[in-house]
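Chain and residue survey
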Amino acid sequence: MNCKNCGAQILDSDKFCSECGTPISEVTPPSENTQNEPISSQKGEFATKNIVLGTDGKYHWSYRFRLLKNPTVLFLLWKIFFWIFVGIFIMINLFDVFGGHFMFDRFLDFGGKFALFILGFEAFVALGYFIYAAIMGFSYYVMFEMDENGVTHTQMPKQFKKAQAISLIEFFVGLSANNPSIAGGGLLAATKQSMHSQWDKVKSIEVLAKRGVIKVNSTLNYNQVYAEAEDFDFVKDYIKAHVSKKCKIQDK
């Protein structure tokens, strides 16, 4: 049997296509007769246009993240590297201040050159992101499972294999450069296909409705949940209802 959406070969027992995430199992869209029933009782039915409540009691949906149209990942990379370099700049100047070598003219000159360096590096990051997007086919396919305990974000097998190849290159570059942080990050990315966020451990969530993204942040665990516009409010409300009362919620 082949997937009706992408044509990939699938097994009769599969509920979702492993390539694009299209639901395969026979499910019934909500009708007027079931609209007033609790979602939790609609086993094997669509909760929204694209989200299926499976027989396992979990909500399932797939999402095609368009890497060029939605710049969320690029913005995240820019933000990370920007604050890293700002921290380096501050540390260098603090050494000058406490060492008694601080001069305002040199501070301005160094600050201007450092700012140009940051801009150049951010441009390099954007180029690297474009190359990564091209390797991934300009799209990132991901599947989500969500229930009373938490939400799991899983890369499609084909996408994960591509990401593994890129991450392993990063790992060997880090080894050759004697940089354990780069090597470790590459190795971790190469072995991690999915990320799970448990509701009671979530510290904060950021809702970016225009981008279709909900950032679910726990200690050392920064997950991102994506949903189409017609499904977004359902996912957002479900997450808000299940995180702890101490969780910080930001709507942007």
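To keep things clear, this report deals only with the structure shown in the data block. (Residues numbered from 1 in each chain as written. Predicted model: local features only at pLDDT ≥ 70, side-chain atom pairs only at ≥ 80, totals over all residues. Heavy atoms only, no water.)

The next thing to look at is the side chain of N221. Structurally, N221 can be placed in strand β9 (residues 221-226). A residue is classified by how much of its surface remains accessible, and N221, at 14% relative accessible area, is buried. A distance of 2.8 Å separates a polar side-chain atom of N221 from the backbone oxygen of H196. Setting aside chain neighbours within four positions, we find N221 in contact with M195, H196, S197 and V216. (Helix = DSSP H or I, 4+ residues; strand = E, 2+ residues; numbered from the N terminus. Buried < 20%, exposed > 50% of the residue type's maximum accessible area, 1.4 Å probe, protein only. Polar contact = N/O pair within 3.5 Å; in protein donor to acceptor, adjacent residues only side chain to side chain. Contact = heavy atoms within 4.5 Å.)

As for its placement among the helices and strands, S197 is situated in strand β6 (residues 194-198). Separated by 46 residues in sequence, S197 and V151 place their C-alpha atoms 5.4 Å apart. If sequence neighbours within four positions are ignored, S197 has contacts with N149, G150, V151, V216, N221 and N223. Of the polar contacts made by the side chain of S197, one reaches the side chain of N223; its length is 3.1 Å.

What follows concerns the packing of aromatic side chains. Between two aromatic rings, the relevant description is the distance of the centres plus the angle of the planes. Enumeration according to the criterion identifies 23 aromatic pairs in this entry. Ring geometry for F85 versus F114: centroids 6.4 Å apart, planes at 75°, classification edge-to-face. Of the two residues, F85 sits in helix α1 (residues 72-98) while F114 sits in helix α2 (residues 104-135), which places them 29 residues apart along the sequence. Overall, F85 belongs to the buried group, its relative accessible area being 11%. Its relative accessible area of 12% is what places F114 among the buried residues. Ring geometry for F89 against F110: centres 5.6 Å apart, planes inclined by 10°, an arrangement best described as stacked. (Phe/Tyr/Trp six-rings, centres within 6.5 Å; stacked < 30°, edge-to-face > 60°.)

Here six strands make up an open sheet; going across it, the order is β1-β2-β3-β4-β5-β6 and the pairing antiparallel. The open sheet has two edge strands with one neighbour each: β1 (45-46) and β6. Examined bridge by bridge, β1 and strand β2 (residues 52-53) share two bridges and lie antiparallel to one another. Within the sheet, the bridge partner assigned to E45 lies in β2 and is L53. Sheet contacts for helix α5 (residues 229-242): β3 (59-66) and β4 (139-146); angle to β4, the most-contacted strand, approximately 45°. (Pairing = 2+ DSSP bridges. Axes fitted to C-alpha atoms, helices over the stretch in contact; angles between N-to-C directions.)

With that settled, the discussion passes to the nonpolar core. Counting residues in each nonpolar core, the largest one holds 34 residues, and the members touching the most others are W61, M146, V225, V235 and I239. Those elements that place two or more of their residues in this core are β3, α2, β4, β7 (202-208), β8 (213-218), β9 and α5. Not counting the four nearest positions on each side in its chain, I239 is found in contact with M146, W199, I205, I214, V216 and V225. (Core = buried A, V, L, I, M, F, W, Y, C linked by side-chain atoms within 4.5 Å.)

With five of six residues buried, strand β5 (residues 150-155) lies mostly within the body of the structure. Two elements, β4 and β5, share five bridges in a ladder whose sense is antiparallel. Across the sheet, the residue bridging to M143 is T154, located in β5. In this antiparallel pair of consecutive strands, β4 and β5, the connection spans three residues. Pairing between β5 and β6: five bridges, direction antiparallel. Within the sheet, the bridge partner assigned to G150 lies in β6 and is Q198.

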